[in-house]
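Overview (structure and organization)
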Amino acid sequence: MRVVENVAEMQADVPPGDRAVVMTMGALHAGHAELMTRAREIVGPTGEVAVSIFVNPTQFAPGEDYQRYPRTWEVDLGICRERGVDIVFSPTAEDLYSGGMDITIDPGPLGTVLEGAVRPGHFRGVLTVVAKLMNIMRPTSALFGEKDYQQLALIRNMVDTLDFPLTVVGVPTVRESDGLAMSSRNTYLSEEERRTAAAIPAAISAATQAAASGASAGDVIAAAEEVLAAQEGVETDYVAITDPDFGPAPSEGPARLLIAAKIGPPRLLDNVAIVLAPR
Ligand code: PAF
């Protein structure tokens with residue numbers, strides 16, 4: 001496994017064939033490992049799997065957790081090695097942003113709702129770094145977790161709209177044994193908060209059951225909200241339903257339920273595919 005820390009060196013490294021890229025901010029966990037496994041399945045034994053590890057400062061607002069975001073370099077390299085990764089790219093912020101931030105990717109209207117409303121500027125930072133990493137690493141495919149569903153939708157929009165020559169692959173969320181979606185930020189939770197956080201997968205499951213028994217979008221949302229409200233220590237940010245591509249909530253058919261809630265300091269996100277019954 002090669003470790004490349006320099007932008008020019010990575011850019012000069014033209015893949016001989018297919019290259020699947022997994023972009024991360026490090027603090028790798030089983031969810032990232034799953035993305036690497038899927039990446040290998042996509043490119044096969046002769047293709048390359050590349051992982052970027054870069055805690056991107058431009059997607060954190062002042063006062064957010066950029067400084068204390070977990071950095072676990074040696075463990076991360078171990079996970080990459082174990083999953084047969086060929087290249088790890090980990091540039092410095094000075095090198096990656098040597099051209100400044102005068103030119104950025106505007107995420108459009110979808111970047112201003114839900115997570116975008118709570119974290120103004122976040123998706124501009126995400127799309128800009130993802131575009132830069134795509135240009136530098138030149139993947140034929142790039143894999144992202146469905147856990148950050150709005151991020152995935154925005155990356156797909158960017159790649160489609162700006163004609164990036166690669167395929168974006170969404171990979172289902174990997175969960176802890178009690179159903180909590182894997183996230184690097186779960187490490188911020190105290191033991192008690194970690195128990196409280198089980199309310200989120202419980203709300204997801206209540207919503208899924210409500211949809212399966214024919215409830216309307218409003219009642220599905222209410223079912224999830226009720227579970228969250230019943231658990232002390234959960235501060236619900238939003239429970240929302242959209243169509244699978246982030247259009248307005250459909251009255252029936254495939255839809256996506258999204259949850260954001262604060263438990264202690266961290267905001268945790270989750271989402272699930274649901275099908276709304278005809279009315
Ligand atoms: O999902 C993440 O870890 C980050 O937002 C990403 C896509 C690596 C961009 O910094």
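Residues numbered from 1 in each chain as written. Predicted model: local features only at pLDDT ≥ 70, side-chain atom pairs only at ≥ 80, totals over all residues. Heavy atoms only, no water.

A few words on the sheet that holds strand β7 (residues 234-242). Across the sheet, which stays open at both edges, the three strands sit in the order β7-β8-β9 with antiparallel pairing between neighbours. A single partner strand is all that each edge strand has here, and the edge strands are β7 and β9 (267-276). Averaged over neighbouring strand pairs, the angle between their axes works out to 15° when direction is ignored. Contacts from helix α9 (residues 199-212) reach β7, β8 (253-263) and β9 within the one sheet, and its direction differs from that of β9 by about 10°. Lying on the sheet, helix α10 (residues 217-230) is in contact with β7, β8 and β9; it crosses β7 at an angle near 165°. (Pairing = 2+ DSSP bridges. Helix = DSSP H or I, 4+ residues; strand = E, 2+ residues; numbered from the N terminus. Axes fitted to C-alpha atoms, helices over the stretch in contact; angles between N-to-C directions. Contact = heavy atoms within 4.5 Å.)

Moving on to the pairing of strand β5 (residues 141-145). Judged by how many residues are buried, β5 sits mostly within the fold: four of five residues are covered. Here β5 pairs with strand β6 (residues 167-171) via five bridges, running parallel. By the bridge assignment, leucine 143 is partnered in β6 with valine 169. One crossover worth recording links β5 to the parallel β6 by way of helix α7 (residues 149-161), and it is right-handed. (Buried < 20%, exposed > 50% of the residue type's maximum accessible area, 1.4 Å probe, protein only. Right-handed = clockwise from strand over helix to strand, strands pointing away.)

Attention shifts here to the sheet that holds strand β2 (residues 19-24). Strand order in the open sheet formed by six strands is β1-β4-β3-β2-β5-β6, with parallel pairing between adjacent strands. What marks the edges here is a single partner per strand, and that holds for β1 (2-4) and β6. The mean angle between the axes of side-by-side strands here comes to 25°, regardless of whether they run parallel or antiparallel. For β2 and strand β3 (residues 48-53), the ladder comprises six bridges, and the chain directions are parallel. Paired with methionine 23 across the strands is serine 52, a residue of β3. Here α7 sits on the sheet in contact with β5 and β6, set at roughly 170° to β6.

This paragraph deals with the packing of α9 against α10. In contact at an axis separation of 8 Å, α9 and α10 are set at 155° when each is read in the N-to-C sense. Compared by their axis directions, α9 and α10 come out roughly antiparallel. Both α9 and α10 take part in a crossing whose hand is right-handed. Only Val220, Ala223, Ala224, Val227 and Leu228 of α10 make contact with α9, whose side of the interface consists of Ala199, Ile200, Ala202, Ala203, Ala206, Ala207, Ala210 and Ala211. When grouped by side-chain class, the residues that make up the contact of α9 with α10 number 13 nonpolar, no polar and no charged. (Parallel < 35°, antiparallel > 145°, perpendicular 65-115°, else oblique. Left-handed = near helix turned anticlockwise from the far one by under 90°. Nonpolar A, V, L, I, M, F, W, Y, C, P; charged D, E, K, R; others polar.)

What follows is about the pattern of salt bridges. Applying the stated criterion across every chain, the model contains 14 salt bridges. Aspartate 148 is the salt-bridge partner of lysine 147, the closest N and O atoms lying 3.3 Å from each other. Aspartate 270 is the partner of arginine 175 in a salt bridge, and the nearest nitrogen-oxygen pair spans 2.9 Å. Here the residue arginine 175 occupies a position in the loop between β6 and α8 (191-196), and aspartate 270 occupies one in strand β9, the gap between them amounting to 95 residues. Of the residues examined, aspartate 270 reaches a relative accessible area of 2% and is grouped as buried. One network of salt bridges, with partners in common, ties together Arg2, Asp13, Arg19 and Glu48. (Salt bridge = Lys/Arg side-chain N within 4 Å of Asp/Glu carboxyl O.)

Attention now goes to the environment of alanine 202. In this structure, alanine 202 sits in helix α9. For alanine 202 and valine 171, which are 31 residues apart along the polypeptide, the C-alpha to C-alpha distance reads 21 Å.

The subject of this paragraph is the pairing of β8. With nine of its 11 residues buried, β8 lies for the most part within the structure. For β8 and β9, the ladder comprises 10 bridges, and the chain directions are antiparallel. Looking at the pairing, glycine 253 lines up with leucine 276 of β9. Taking the residues between adjacent antiparallel strands as the criterion, β8 and β9 are bridged by three residues, where glycine 264 takes a positive phi near 70°.

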